[in-house]
Amino acid sequence: MKKHRLQGIILKQIEYSESSLVLRFLSKEFGAISILAKGVRKQAEKIQFTNLHEYDMGLSEPKESGLWLYIDHDLLANYSTYPNPATWAAAECGMELISQMITSSDEHAPIYELAKSYLDYLKRVDSNAILIFWRFFIRMLRLGGVGSRLDSCCVCHKSLDNFEVIDLQHGGLLCSSCRQDNSNHENQQKLSELSSQVLRLMPEIAYHLSEIRLSRREVAEINLLLERYWDSHHKQTLKLKSLSVLCQFYA
Ligand SMILES: [Zn+2]
């Protein structure tokens, strides 16, 4: 049986039978994979893994089951410690997003690097981590080569003259002239002034973390835009459980 060493981050652990675990593992080489760690829960010296830690894993290749088999591990880095629960929730959201993406083999390494730099960046974010999550979301979709630009009109693709109206059908923002188009009206949603400002500032949002005061309205509006943006580029609907946790920090 061929042995591999894969570098990756544990996203999730599921108890399997009396004594085993299935690990959901974001690997640099193969993207998200599942690992069967046999017997690790019953041994005298129980082996424990921690979510959002990076490991160098010794594994043998999957057979019919599609599960890689755990052999051994070394701990590389800890990405699970954050200044507050909201920032931790943003980290979880980012990893859940990745686990829902269908990616091709040439994207695994860049996605892995982006994920690590996201988690690393969040360690220093003590307010408004959701803004960094949104930036990560947009970067991830662009990286996958599926995302059109969010700073151009989703209908005519011209550079946006404002960031005021979402087109729910096309999953993007509308320019002033496309807004006038009557056939489109029932799918348009006007954004709050602050939502527009946040979207306009998105490329440099990291410099504005301490000054922006988001309310539930902005959080709902921008999440809606990003969900529609995702839906327009993927075949399945995006449903992030951890995003509802993150949203609870914005009243
Ligand atoms: Zn337009």
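What counts, and at which threshold
Residues numbered from 1 in each chain as written. Predicted model: local features only at pLDDT ≥ 70, side-chain atom pairs only at ≥ 80, totals over all residues. Heavy atoms only, no water. Domains from an automatic or database assignment. Buried area = accessible area lost by both parts, 1.4 Å probe. Salt bridge = Lys/Arg side-chain N within 4 Å of Asp/Glu carboxyl O. Polar contact = N/O pair within 3.5 Å; in protein donor to acceptor, adjacent residues only side chain to side chain. Helix = DSSP H or I, 4+ residues; strand = E, 2+ residues; numbered from the N terminus. Nonpolar A, V, L, I, M, F, W, Y, C, P; charged D, E, K, R; others polar. Phe/Tyr/Trp six-rings, centres within 6.5 Å; stacked < 30°, edge-to-face > 60°. Buried < 20%, exposed > 50% of the residue type's maximum accessible area, 1.4 Å probe, protein only. Lys NZ or Arg CZ within 6 Å of the ring centre and 35° of its normal.

(A) Quick look at the domain arrangement of the chain. Looking at the chain, the domain boundaries give domain 1 (3-78) and domain 2 (85-247). Distance from the C-alpha centre of domain 1 to the C-alpha centre of domain 2: 31 Å. When domain 1 packs against domain 2, the two sides together hide about 1,100 Å² of surface, and 67% of this comes from carbon and sulfur. Counting the contacts that link domain 1 with domain 2 gives 2 salt bridges. The tally of links between domain 1 and domain 2 comes to 6 residue pairs in polar contact (both at pLDDT 80 or more). For the side of domain 1 that touches domain 2, the secondary-structure elements that each account for two or more residues are β1 (3-16) and β2 (20-27). Among the elements that take part in the side of domain 1 that touches domain 2, β1 stands out by supplying 4 residues, more than any other. The residue makeup of the side of domain 1 that touches domain 2, split by class, is 5 nonpolar, 5 polar and 3 charged.

(B) Here's a closer look at the packing of aromatic side chains. The tally for this structure, following the rule as stated, stands at 6 aromatic pairs. On the numbers, 5.8 Å between centres and 80° between planes, the contact of phenylalanine 49 with tyrosine 55 is edge-to-face. A residue is classified by how much of its surface remains accessible, and phenylalanine 49, at 7% relative accessible area, is buried. Under the relative-accessibility criterion, tyrosine 55 is labelled buried at 3%. Linked through ring pairs, Phe49, Tyr55 and Tyr70 together constitute an aromatic cluster. Between arginine 124 and the ring centre of tyrosine 121, over which it is positioned, the NZ or CZ distance is 4.8 Å. The positively charged end of arginine 135 is found above the aromatic ring belonging to tyrosine 121, 5.0 Å away from the centroid.

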